[in-house]
Amino acid sequence: MVHQYDVVIVGSGGAGLRAAVEIKPPYTCAVLSKVHPLRSHTGAAQGGVSAALANEEEDSWEWHAFDTVKGSDYLGDQDAIEIMCQDAIRAIIELEHMGMPFSRRNDGKIAQRNFGGHTRPENPSDPNSRRIPVKRACYSADRTGHVMLHTLYENAIKNNVRFFSEFFVTDLLLNQGAVVGVVAIDLMTQEIHVFHAKAVLFATGGYGRIYQVTSNAHAGTGDGFAITYRRGIPLEDMEFVQFHPTGLYKLGILVSEAARGEGGILRNRLGERFMERYAPTVKDLAPRDMVSRAMLMEIREGRGIPAPDGSSYIGLDLTHLPEEVINKKLPEITGFARTYLGVDPVKEWIPVQPTCHYAMGGIPTDNDGRVVIDENNTPIPGFYAAGEAACVSVHGANRLGTNSLLDLIVFGRRAGKAIMEFLNSGAEFIPLPKDAAEWTESQIQWLLSSQNGERVAHIRSDLQKAMMEYAGVFRTEESLQKMASILSELRERYSKVAIDDKGKQFNTDLIEALELRNLLDTAEAVVYGALNRTESRGAHYREDYPKRDDDNWLKHTLLYYRENQAPEIKYKPVRITKYQPMERKY
Ligand SMILES: Cc1cc2nc3c(=O)[nH]c(=O)nc-3n(C[C@H](O)[C@H](O)[C@H](O)COP(=O)(O)OP(=O)(O)OC[C@H]3O[C@@H](n4cnc5c(N)ncnc54)[C@H](O)[C@@H]3O)c2cc1C
């Protein structure tokens, strides 16, 4: 079946929905999502969305921009960061006007809390004074993403956006050097649908599921990255994978940084507040890359808290906080600790470990969501990306907490506006390529006819375990080489995969097999990006190259897919405005 819409948006998280709200009549817009829109991962975001509203204390967007640049370990593009931090204030008021129920102060203003890496000069009149934490994160208890997603969904419905829920996109269609549509499988019937469009936007979220311990939803299988990559469009900075310090031990379920923003403290076996040693001024509110490494160093040096199975974890101590603060401001995450670990945070430390959380890299775009395909930022007509799937790049080598929800609403909107401009300039439908659905059909046929092969779940779990071990928080040439060779073995095994369910209705066996291919392709980009970058910057930590190396590596990586070979790697410069790289100390 072939559908025609002016705009096709893949992904109904915050980024996809915020873009959809911009598409106005006479233009038609379809949003495709493999899960129900309200089950998108944005709904799981807990802690907050940042903007220098200065409701609690003096603040400015320039301080926010400085923090974001420094947090990015100087890899973020500074013009994009300035746009984001300056626009944040308007974007929050806009959400408020759309109906988002923020938590409030007693005077009725939007409440704000601390978050890692967000600071202000101690003496506001002296920009060079010591930087101390600032309350910049706007929130709705610890369910900020949930209310944001609902608000945007309601606004998209009001705009008559057409939703195709539980449609799994498998392929991107190109013709005459432009993107002209996508191919999708209706999960309910297994029917193949071709969507013909003037503009396609990918807002497909992250890839946390390439790792065993992750905070990401099961849907976070990197589909958008893999589909784009296979079609010859590069991926940018994929080596930068964020591990969030506080995942529930073994489970990876997130305990928001808001817990530390509200005063929570990380402690080792000796009860020490060890972050005092690693980041003396901001301590537990240091950026995530630093805290995750510090926790694993404590464990390596024998100061982790021993678990019955011989492994170790770190304690997140909230016991000194008033019970009322815990129950009122952190109800969701303390509920998780009680439900999943049987730990009551009012009385005991929560066992935590770093968990794979966020993709800094992704599909390269300009500041208006246009996908660019080379070192000169040449756009490919008809293709846009926003949200976690995109790399603008505002997060560089390490994202600050609360800056992702902000990225969604700022750059989702800008992408939507750029699409409107493209349509208004007279964009036409470019014909679909011949046999548009061929690749998808051949994959389905191959999987349905598979017999006596290996299970998807085995290959997937071997990938996830190996990625934790060889391409996690700490990396070396040796570990990454090992991971690259494991990946080729896993690909070989995948070529003989088999599924049991040969039926047509909600065949999750089939979809998981297609997702596994996406996990493997995305993991390849992460591993080769990491192997190539012989320095340590932000979340990418090479034990054999422990220093940041601006002379050779102050540049973005572009990875191009090459069938049955290692990807080809190119570079593009980092855009610097006024923040000169300096040593990153907190
Ligand atoms: C537990 C958790 C807590 C977080 N807390 C915060 C926070 O407090 N503040 C903050 O700033 N950030 C937070 N983040 C990060 C932030 O929530 C995410 O980066 C962001 O929500 C991603 O939004 P998105 O719109 O890009 O994609 P998502 O919300 O992940 O949505 C992706 C969409 O793409 C669709 N999709 C994917 N593949 C396909 C396919 N093949 N076919 C069809 N559809 C597809 C999915 O169905 C979904 O609709 C948190 C993340 C997690 C995991």
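Cut-off values and rules
- Residues numbered from 1 in each chain as written.
- Predicted model: local features only at pLDDT ≥ 70, side-chain atom pairs only at ≥ 80, totals over all residues.
- Heavy atoms only, no water.
- Helix = DSSP H or I, 4+ residues; strand = E, 2+ residues; numbered from the N terminus.
- Contact = heavy atoms within 4.5 Å.
- Lys, Arg positive; Asp, Glu negative; His and termini not counted.
- Charge placed at Lys NZ, Arg CZ, Asp CG, Glu CD.
- Pairing = 2+ DSSP bridges.
- Near = heavy atom within 4 Å.
- Polar contact = N/O pair within 3.5 Å; in protein donor to acceptor, adjacent residues only side chain to side chain.
- Areas by Shrake-Rupley, 256 points an atom, 1.4 Å probe, with all protein chains shown as cover.
- Nonpolar A, V, L, I, M, F, W, Y, C, P; charged D, E, K, R; others polar.
- Expected span 1.5 Å × (residues − 1).
- Buried < 20%, exposed > 50% of the residue type's maximum accessible area, 1.4 Å probe, protein only.
- Arc of directions from axis to C-beta.
- Core = buried A, V, L, I, M, F, W, Y, C linked by side-chain atoms within 4.5 Å.
- Salt bridge = Lys/Arg side-chain N within 4 Å of Asp/Glu carboxyl O.
- Domains from an automatic or database assignment.
- Buried area = accessible area lost by both parts, 1.4 Å probe.
- Bend = angle between axes of the 7 residues up to and from the residue.
- Axes fitted to C-alpha atoms, helices over the stretch in contact; angles between N-to-C directions.
- Parallel < 35°, antiparallel > 145°, perpendicular 65-115°, else oblique.
- Left-handed = near helix turned anticlockwise from the far one by under 90°.

### Re the overall build of the protein
Phase 1 of the analysis: What the protein contains, in helices and strands, is 16 helices and 23 strands.
Phase 2 of the analysis: Each principal axis of the C-alpha atoms in the protein carries an extent, and together these give about 65 × 50 × 50 Å.
Phase 3 of the analysis: For the protein, contacts bridging at least 24 residues in sequence account for 74% of all contacts bridging at least 6.
Phase 4 of the analysis: Of the charged side chains in the protein, 67 are positive and 77 negative, and the gap between their average positions amounts to 3 Å.

### Examining the sheet that holds strand 4 (residues 112–121)
Phase 1 of the analysis: Taken in spatial order, the three strands of this open sheet run 3-5-4, and their pairing is antiparallel. In the strand order of this sheet, the two ends are held by strand 3 (49–50) and strand 4, each with one partner.

### Regarding the site of the ligand
Phase 1 of the analysis: Neighbouring the ligand are 38 residues, the closest being S40, H41, T42, E388 and L405.
Phase 2 of the analysis: V35 is positioned such that a nitrogen or oxygen atom in its backbone is 3.4 Å from an oxygen atom of the ligand.
Phase 3 of the analysis: One nitrogen or oxygen atom from the main chain of V169 is found 2.8 Å from a nitrogen atom belonging to the ligand.
Phase 4 of the analysis: Notes on the ligand: free accessible area 1000 Å², of which the protein chains cover 97%.
Phase 5 of the analysis: For the shell around the ligand, the per-class residue count stands at 14 nonpolar, 20 polar and four charged.

### Some words on helix 14 (residues 477–494)
Phase 1 of the analysis: Helix length check: helix 14 (18 residues) gives 25 Å between terminal C-alpha atoms against 26 Å at 1.5 Å per residue, within 8%.
Phase 2 of the analysis: The complete set of buried residues in helix 14 reads S479, L480, M483, A484, I486, L487, L490 and Y494. Burial along helix 14 is one-sided: seen end-on, the buried residues are contained in an arc of 165 degrees.
Phase 3 of the analysis: Of the surrounding elements, those touching the buried residues of helix 14 are helix 12 (438–448), helix 13 (456–470), strand 20 (474–475), helix 15 (508–532) and strand 21 (541–542).

### Observations regarding the nonpolar core
Phase 1 of the analysis: L32, V182, F202, F383, M467 and M483 are the most contacted members of the largest nonpolar core, which totals 81 residues.
Phase 2 of the analysis: At 13 residues, helix 15 tops the list of elements feeding residues into this core.
Phase 3 of the analysis: The contacts of L32, once residues within four sequence positions are left out, are V8, I9, V10, G11, S12, F164, F167, V169, V182, A184 and F195.
Phase 4 of the analysis: Counting 59 residues, the second largest nonpolar core, distinct from the first, contains A51, A156, L408 and V410.

### Some remarks on the pattern of salt bridges
Phase 1 of the analysis: Applying the stated criterion across every chain, the model contains 64 salt bridges.
Phase 2 of the analysis: For K578, the salt bridge is made with E82, and the minimal N-O distance between the two is 3.5 Å. On the criterion of sequence distance, the pair formed by K578 in the segment after strand 23 (568–573) and E82 in helix 3 (residues 78–98) is long-range, its members being 496 residues apart.
Phase 3 of the analysis: The partner of E262 in a salt bridge is R113, with the nearest N and O atoms 2.9 Å apart. With a gap of 149 residues between them, E262 in the loop between helix 6 (258–261) and strand 12 (265–267) and R113 in strand 4 connect regions that are remote in the sequence.
Phase 4 of the analysis: Taking the relative accessible area as the measure of exposure, R113 reaches 1% and is therefore buried.
Phase 5 of the analysis: What emerges from the salt-bridge pattern is a single network uniting D73, D237, E239, D289, R293, R533, E535, R537, R548, D550 and R584.

### A word on the domain arrangement of the protein
Phase 1 of the analysis: Segmenting the protein into domains produces domain 1 (246–353) and domain 2 (438–548).
Phase 2 of the analysis: Distance between the C-alpha centres of domain 1 and domain 2: 30 Å.
Phase 3 of the analysis: The partner domain 2 presents six residues to the five residues of domain 1 that form the contact.
Phase 4 of the analysis: When the two sides are added together, the surface that domain 1 and domain 2 hide from each other amounts to roughly 550 Å², 67% of it contributed by carbon and sulfur.
Phase 5 of the analysis: When residues of domain 1 are sorted by the area they lose upon contact with domain 2, R293, L296 and R300 head the list and together hold 72% of the total.
Phase 6 of the analysis: The tally of links from domain 1 across to domain 2 stands at one salt bridge.
Phase 7 of the analysis: The salt bridge involving E543 is made with R300; its shortest N-O contact spans 2.8 Å.
Phase 8 of the analysis: Counting across the interface, domain 1 meets domain 2 through two residue pairs in polar contact (both at pLDDT 80 or more).
Phase 9 of the analysis: Classifying every residue of the side of domain 1 that touches domain 2 by side-chain character gives two nonpolar, no polar and three charged.

### Section: the sheet that holds strand 22 (residues 555–560)
Phase 1 of the analysis: Strand order in the open sheet made by the three strands is 10-22-23, with antiparallel pairing throughout. What marks the edges here is a single partner per strand, and that holds for strand 10 (235–236) and strand 23.
Phase 2 of the analysis: Sheet analysis places strand 22 next to strand 23, joined by six bridges and oriented antiparallel. Note on strand 23: the bridge partner recorded for T557 is Y571.

### Digging into helix 3
Residues spaced three or four apart along an α-helix face the same direction, because each turn holds 3.6 residues.
Phase 1 of the analysis: Over its 21 residues, helix 3 extends 29 Å from the first C-alpha to the last, a length consistent with the 30 Å expected when each residue adds 1.5 Å.
Phase 2 of the analysis: The largest bend in helix 3 amounts to roughly 45 degrees and is located at A88.
Phase 3 of the analysis: Two residues or fewer after helix 3 comes G99, characterised by a positive phi angle close to 115 degrees.

### Here's the deal with the packing of helix 1 (residues 14–22) against helix 11 (residues 403–424)
Phase 1 of the analysis: Their axes nearest at 7 Å, the elements helix 1 and helix 11 cross at an angle of 40 degrees. Put simply, helix 1 runs oblique to helix 11. Relative to helix 11, helix 1 is oriented so that their crossing is right-handed. Counted together, G14, A15, R18, A19 and E22 of helix 1 and L408, I409, G412, R413, G416, K417 and M420 of helix 11 form the full contact between these two elements.
Phase 2 of the analysis: Of the residues that constitute the contact of helix 1 with helix 11, the class distribution is five nonpolar, three polar and four charged.

### With respect to the pairing of strand 5 (residues 131–138)
Phase 1 of the analysis: A large share of strand 5 lies buried, amounting to six of its eight residues.
Phase 2 of the analysis: As paired strands, strand 3 and strand 5 are joined by two bridges and run antiparallel to one another. Residue pairing in the sheet places S50 in a bridge with A137 of strand 5.
Phase 3 of the analysis: Taken together, the six bridges between strand 4 and strand 5 define a ladder with antiparallel strand orientation. Note that in strand 5 the partner of R120 across the bridge is I132.

### Comments concerning unusual backbone geometry
Phase 1 of the analysis: Cis geometry marks the peptide bond from P25 to P26, where omega comes out at 10 degrees.
Phase 2 of the analysis: Tracing the backbone shows P26 in the loop between helix 1 and strand 2 (29–33).
Phase 3 of the analysis: Residue S393 is bonded to the preceding V392 through a cis peptide linkage, with omega at 10 degrees.
Phase 4 of the analysis: Residue position: S393 is located in the loop between strand 19 (390–391) and helix 11.
Phase 5 of the analysis: Positioned with a positive phi, N377 is a non-glycine residue whose angle comes to about 60 degrees.
Phase 6 of the analysis: Mapped onto the elements, N377 comes out in the loop between strand 17 (370–372) and strand 18 (379–385).
Phase 7 of the analysis: One non-glycine residue, F506, lies in the positive phi region at around 40 degrees.
Phase 8 of the analysis: With respect to the secondary-structure elements, F506 resides in the loop between helix 14 and helix 15.

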